[in-house]
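Listed below, chain by chain, are the residues.
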2 protein chains.
Amino acid sequence: MTGITQLGFALLGLINQQPMSGYDLRKVFTTTALGSYSDSPGAIYPALKRLAGRGLVRGSVEKTGALRTRRVFTITPAGLTAFKAWLKRPVTRQDIVRNVDDLLLRFAFMDQALGARHSLRFLEQFAEQVVNYIPELREFVAAHRAEMSVSGRLALECGIEGYRQRLEWARSSIAIYQRRK
Amino acid sequence: MTGITQLGFALLGLINQQPMSGYDLRKVFTTTALGSYSDSPGAIYPALKRLAGRGLVRGSVEKTGALRTRRVFTITPAGLTAFKAWLKRPVTRQDIVRNVDDLLLRFAFMDQALGARHSLRFLEQFAEQVVNYIPELREFVAAHRAEMSVSGRLALECGIEGYRQRLEWARSSIAIYQRRK
DNA sequence: AATGTCATGTAACTAGTTACATGATTTA
DNA sequence: TAAATCATGTAACTAGTTACATGACATT
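Quantities reported herein were computed from a predicted structural model and do not represent experimental measurements. Every chain begins its residue count from 1, and numbering advances along the sequence as written. Naming scheme: in the order in which they are written, chains are lettered from A and ligands are numbered from 1. Selection of residues for local features in this predicted model requires a pLDDT of at least 70, selection of side-chain atom pairs for listing and counting requires 80 or more, and totals for whole chains, interfaces and linings are taken over all residues. With hydrogens and water set aside, each side-chain value is computed from the structure's full complement of heavy atoms.

Chemist: Looking at this structure, how should I read the packing of aromatic side chains?
Modeler: Think of a pair of aromatic rings as described by two things: how far the centres are apart, and how the planes are tilted against each other in angle. The aromatic pairing rule takes the rings of Phe, Tyr and Trp, using the six-membered ring of Trp, and pairs them if the centres are within 6.5 Å, calling planes under 30 degrees apart stacked, those over 60 edge-to-face and the rest tilted. In total, this model carries 20 aromatic pairs over all chains according to the counting rule given. On the basis of an interplanar angle of 85° and a centroid distance of 5.2 Å, the ring pair of A:Y133 and A:Y163 is categorised as edge-to-face. Of this pair, A:Y133 sits in helix α7 (residues 116-144) while A:Y163 sits in helix α8 (residues 150-180), and the two are 30 residues apart along the sequence. Residue A:Y133 shares its accessibility class with A:Y163, and that shared class is buried. Look at B:F107 and B:F122: their rings are 5.5 Å apart centre to centre, the planes differ by 20°, and that puts the pair in the stacked class. Residue B:F107 is found in helix α6 (residues 100-114), and its partner B:F122 is found in helix α7 (residues 116-144); the two are separated by 15 residues along the sequence. Only protein chains enter the accessibility calculation, which uses a 1.4 Å probe; a residue whose area is less than 20% of its type maximum is buried, one above 50% is exposed, and one in between is partly exposed. A residue is classified by how much of its surface remains accessible, and B:F122, at 3% relative accessible area, is buried. Pairwise contacts between aromatic rings join A:F107, A:F122, A:F126, A:W169 and A:Y177 into one cluster. The ring of A:Y163 carries the charged tip of A:R166 above its face, separated from the ring centre by 5.4 Å. The helix count covers DSSP runs of H or I at least four residues long, the strand count covers runs of E at least two residues long, and both are numbered beginning at the N terminus. The criterion is that NZ of a Lys, or CZ of an Arg, lies within 6 Å of the ring centre and within 35 degrees of the ring normal, and then a charge sits over that ring.

The structure is reproduced here in structure tokens:
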């Protein structure tokens, strides 16, 4: 266990893109709606404190003339190492079943932090896992079709279609990366 | 605020379909992977206790001969009222942005608890909100395209395609309900 | 003068995670 | 007899939510 939460990794990734204050990070979450992370100060400031306590980010007070002092956070070498280790985690079935959105967040940061070659490898793993998972879901529907209400079945089918769409997305994204090589 | 968590509503919905023990509920979460709810006893048993404490479910000890006593939970009239109120909540932009999966869970229970007419209304609200949200995302990509990495842009596009797919799903589901009338 | 935005934080509460405990019954 | 499954629960920890506090500067 790394002891870093999903929010923690999201913060690390954004700070890695460019140094930012807690307020800036909050704005990113409110305005871009990337992922479903909280923009509440009660989540972000303590999370930054934890990261700083582990030496993964460093906050330096910035006094740009008039306004209240901002703490601008920068990622440390240790922070970058931990962040890259997170990005490099293999794509597991568990991730596909429970945290697809988290995988997409990881992928979003990948090009910049690890380079296109790794992004391509990620997509291949992603596609493979989704390919394996879809038939499982289809079998489940086939087996339980009789006992399900219409809305129950439709909801499940929406989920399956979602995986099919992500698989197509992964394949066309793989093609984009391969064309670039 | 109702003070009932997402997990709480999921449990209420399943118990409403048919009375079940904590162990049965855990199995549902492990085997069906509907939503991303925990199958850990440390989540489910306390949640059931809270529901029982509020009088939303009632647990009765069942002694089917040999095995250890099971507590089978049944939904109470108050529980059913609270559950239906949850299902009837309007579909907001917030739900679309942050909790699409929770909306799908609500929809899955809808036919049985409220009838097809309400499911249809839900789908119409859902489609409307998604229709409004997609252009926002497209504009965001258009505005930030230059600053984004390839994987960053692709991740966002995967999200947008996901909404497009759900919109199509909602429309074809609406058609299914209308044909039935 | 009042409101809004920049900016950081804390405190109380709540619920979920992980890990453990218990014990009976069935199967290998 | 050892292991797996049925079945329920607790305890310690952690992190996120909501709401509040503070205060300077900018705008109306």
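Having seen it, we continue.
Chemist: How should I be thinking about the domain arrangement of chain A in this particular structure?
Modeler: In many analyses, interface size is given as the accessible surface area lost on bringing the parts together. Residues and elements named next belong to chain A. The split of the chain into domains comes from an automatic or database domain assignment. Under the domain assignment used here, chain A contains domain 1 (6-88) and domain 2 (93-180). Distance from the C-alpha centre of domain 1 to the C-alpha centre of domain 2: 28 Å. The contact definition used throughout considers only heavy atoms, calling two residues in contact when any of these lie within 4.5 Å. Counting from both sides, the interface comprises 13 residues of domain 1 and, opposite them, nine residues of domain 2. For the domain 1 and domain 2 pair, buried surface summed over both sides reaches about 1100 Å², with 68% attributable to carbon and sulfur atoms. A side-chain nitrogen of Lys or Arg and a carboxyl oxygen of Asp or Glu constitute a salt bridge if their distance falls within 4 Å. Where domain 1 packs against domain 2, one counts zero salt bridges. Each polar contact in these results corresponds to two N or O atoms within 3.5 Å; when the atoms are within protein, one needs to be able to donate a hydrogen and the other to accept it, and residues that are neighboring in sequence are counted only if both atoms are side-chain atoms. On the surface where domain 1 and domain 2 come into contact, there are one residue pair in polar contact (both at pLDDT 80 or more). By buried area we mean the combined loss of accessible area, with a 1.4 Å probe, across both parts when two parts are placed together.

Chemist: Would you explain the confidence of the model for chain A in this entry?
Modeler: A score from 0 to 100, pLDDT tells how confident the predictor is in each residue. In this model, chain A carries an average pLDDT of 93, and 96% of its residues clear a pLDDT of 70 or more. Across chain A, helix α4 (residues 77-88) of chain A holds the top mean pLDDT of 98, while strand β2 (residues 57-62) of chain A sits lowest at 89.

Chemist: Hey, could you run me through the interface of chain B and chain A in this one?
Modeler: Contact with chain B, which involves 35 residues of that partner, is made by 35 residues of chain A. Around 2800 Å² of area is buried between chain B and chain A when both sides are counted, 64% of it from carbon and sulfur atoms. Viewed at the interface, chain A and chain B are joined by 16 residue pairs in polar contact (both at pLDDT 80 or more). Listing elements by their share of the side of chain B that touches chain A, those giving two or more residues are α5 (93-98), α6, α7 and α8 (150-180) of chain B. Classification used: nonpolar for Ala, Val, Leu, Ile, Met, Phe, Trp, Tyr, Cys and Pro, charged for Asp, Glu, Lys and Arg, polar for all others including Gly. Considered class by class, the residues forming the side of chain B that touches chain A number 19 nonpolar, ten polar and six charged.

Chemist: When you look at helix α2 (residues 22-32) of chain A in this model, what are you seeing that I'm missing?
Modeler: An α-helical turn contains 3.6 residues, so a residue and the one three or four places further along point in the same direction. All buried positions along α2(A) are accounted for by A:G22, A:D24, A:L25, A:V28, A:F29 and A:T32. The buried residues of α2(A) occupy one face: seen down the axis, they fall within an arc of 165°. Residues of α2(A) that are buried in the fold lie against α1 (6-17), β1 (20-21), α3 (41-53) and β3 (70-75) of chain A together with α7 of chain B. Where α2(A) ends, the next residue or the one after it, A:A33, has phi of about 55°, a positive value. The directions from the helix axis to the C-beta atoms form the arc being described.

Chemist: Would you explain the sheet that holds β1(A) in this entry?
Modeler: The strands making up a sheet associate through backbone hydrogen bonding, with each pair oriented either parallel or antiparallel. Residue and element names in this part refer to chain A. Note: two strands are recorded as paired if DSSP finds a minimum of 2 bridges between them. Spatially, three strands are ordered β1-β3-β2 in an open sheet, and the strand pairing comes out antiparallel. At either margin of the open sheet sits one strand with a lone partner, and together these are β1 and β2. Strand direction decides the pairing type here: β1 and β3, joined by two bridges, are antiparallel. Within β3, the residue paired with M20 across the bridge is F73.

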